[in-house]
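A look at the structure
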Number of protein chains: 2
Amino acid sequence: MIPEVAVSKEEQAYALLKADADKILQLIKVQIDNLTMPQCPLYEEVLDTQMFGLSREIDFAVRLNLVREEDGKKLLDNLERELNKLHEASQKR
Amino acid sequence: MIPEVAVSKEEQAYALLKADADKILQLIKVQIDNLTMPQCPLYEEVLDTQMFGLSREIDFAVRLNLVREEDGKKLLDNLERELNKLHEASQKR
């Protein structure tokens with residue numbers, strides 16, 4: 001009915017989720033650069049926890065109809081791909 | 001500007017969070033009733049994970065201005081109080 005308002009809240013929701021995904025990527029980059037031990041269990045645990053937190057946020061936004069399920073899934077898949085790339089690059093050093 | 005729309009989204013957000021909190025409480029009730037081992041590390045881990053997930057959802061809703069920070073905090077505090085009650089009751093058996 002009021003597309004401007006609706007779109008704005010949806011855009012905000014997506015932007016927040018995107019920013020949170022970028023934060024996780026950044027966190028992992030810093031860990032890899034400084035610790036260079038991606039096989040460390042603590043690293044895995046931090047990553048799992050962060051990914052779980054983000055997936056809950058995305059799920060919540062989808063249930064509120066602020067973000068399309070497809071877009072939420074893509075956001076998570078992209079992050080996973082980026083993380084895998086980082087991981088692989090760190091192991092080739 | 002359009003209070004009906006705005007309030008409705010906020011109400012939806014709060015109702016979703018409340019339902020998620022109730023789900024955690026229910027999960028823990030079932031665990032206590034059936035396993036009767038709240039000192040089990042797995043129980044603690046499940047609870048921690050669920051509480052973390054809910055806190056991320058609440059934080060997200062607050063950042064989106066869908067839920068007041070105060071209300072989000074209360075929701076989490078109430079859940080923790082209820083869980084403590086359950087925990088204490090299970091230990092007195």
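On a predicted model such as this, the values are computed, not experimentally measured, just so you know. (Residues numbered from 1 in each chain as written. Chains lettered and ligands numbered in written order. Predicted model: local features only at pLDDT ≥ 70, side-chain atom pairs only at ≥ 80, totals over all residues. Heavy atoms only, no water.)

A word on the overall build of chain A. Counting secondary structure elements, chain A contains 3 helices and 0 strands. When the helices and strands of chain A are read in sequence order from the N terminus, they spell out α-α-α. By the burial criterion, 34% of the 93 residues in chain A qualify as buried. Put simply, 72% of the contacts in chain A that link residues at least 6 apart link residues at least 24 apart. (Helix = DSSP H or I, 4+ residues; strand = E, 2+ residues; numbered from the N terminus. Buried < 20%, exposed > 50% of the residue type's maximum accessible area, 1.4 Å probe, protein only. Contact = heavy atoms within 4.5 Å.)

So, on to the packing of aromatic side chains. For the structure on display, the rule yields 2 aromatic pairs over all chains. Taking 6.2 Å as the distance between ring centres and 85 degrees as the angle between the ring planes, the aromatic pair formed by Phe60(A) and Phe60(B) counts as edge-to-face. Pair noted here: Phe60(A) is in helix α2 (residues 41-63) and Phe60(B) is in helix α2 (residues 41-63), and the two residues belong to different chains. Each of the two residues, Phe60(A) as well as Phe60(B), counts as buried. (Phe/Tyr/Trp six-rings, centres within 6.5 Å; stacked < 30°, edge-to-face > 60°.)

Residue and element names in this part refer to chain A. Looking at chain A as a whole, the pLDDT averages 84, with 84% of positions reaching at least 70. Within chain A, the lowest mean pLDDT, 82, falls on helix α1 (residues 3-35), and the highest, 90, falls on helix α3 (residues 69-92). Both confidence scores are given for the complex: pTM 0.78, ipTM 0.75. (pLDDT = per-residue confidence, 0-100.)

Our focus in this paragraph is the interface of chain A and chain B. The partner chain B presents 20 residues to the 20 residues of chain A that form the contact. Taken together, the two surfaces of chain A and chain B that pack against each other cover about 1,900 Å², and 68% of this comes from carbon and sulfur. A per-residue breakdown of the area chain A buries against chain B is headed by Arg56(A), Phe60(A) and Leu64(A), which together make up 31% of the total. The tally of links between chain A and chain B comes to 6 salt bridges. Among the ionic pairs, Arg63(A) bridges to Glu57(B), the shortest N-O distance being 3.5 Å. The interface formed by chain A and chain B holds 6 residue pairs in polar contact (both at pLDDT 80 or more) in total. If you list the elements that add at least two residues to the side of chain A that touches chain B, you get α1 and α2 of chain A. Among the elements that take part in the side of chain A that touches chain B, α2(A) stands out by supplying 9 residues, more than any other. Tallied by class, residues from the side of chain A that touches chain B come to 9 nonpolar, 5 polar and 6 charged. (Buried area = accessible area lost by both parts, 1.4 Å probe. Salt bridge = Lys/Arg side-chain N within 4 Å of Asp/Glu carboxyl O. Polar contact = N/O pair within 3.5 Å; in protein donor to acceptor, adjacent residues only side chain to side chain. Nonpolar A, V, L, I, M, F, W, Y, C, P; charged D, E, K, R; others polar.)

The terminal C-alpha atoms of α3(A) lie 35 Å apart, and with 24 residues this matches the ideal 34 Å at 1.5 Å per residue to within 8%. Within the sequence span of α3(A), burial applies to Gly72(A), Leu75(A), Leu79(A), Leu83(A), Leu86(A) and Ser90(A). (Expected span 1.5 Å × (residues − 1).)

Turning next to the relation of the copies chain A and chain B. Taken as rigid bodies, chain A and chain B are interconverted by a rotation of 180 degrees and an axial shift of 0.0 Å, the fit giving an RMSD of 0.0 Å. Taken together, the rotation angle and the small translation identify this as a two-fold axis. (Least-squares fit on C-alpha atoms with pLDDT ≥ 70 in both.)

Attention now moves to the environment of Leu83(B). All names here are of chain B. For Leu83, the location among the structural elements is in helix α3 (residues 69-92). Each C-alpha atom of the pair Leu83 and Ile28 lies 7.7 Å from the other, and the pair is 55 residues apart in sequence. What Leu83 contacts, discounting residues up to four positions off in sequence, is Leu25, Ile28, Leu47 and Met51.

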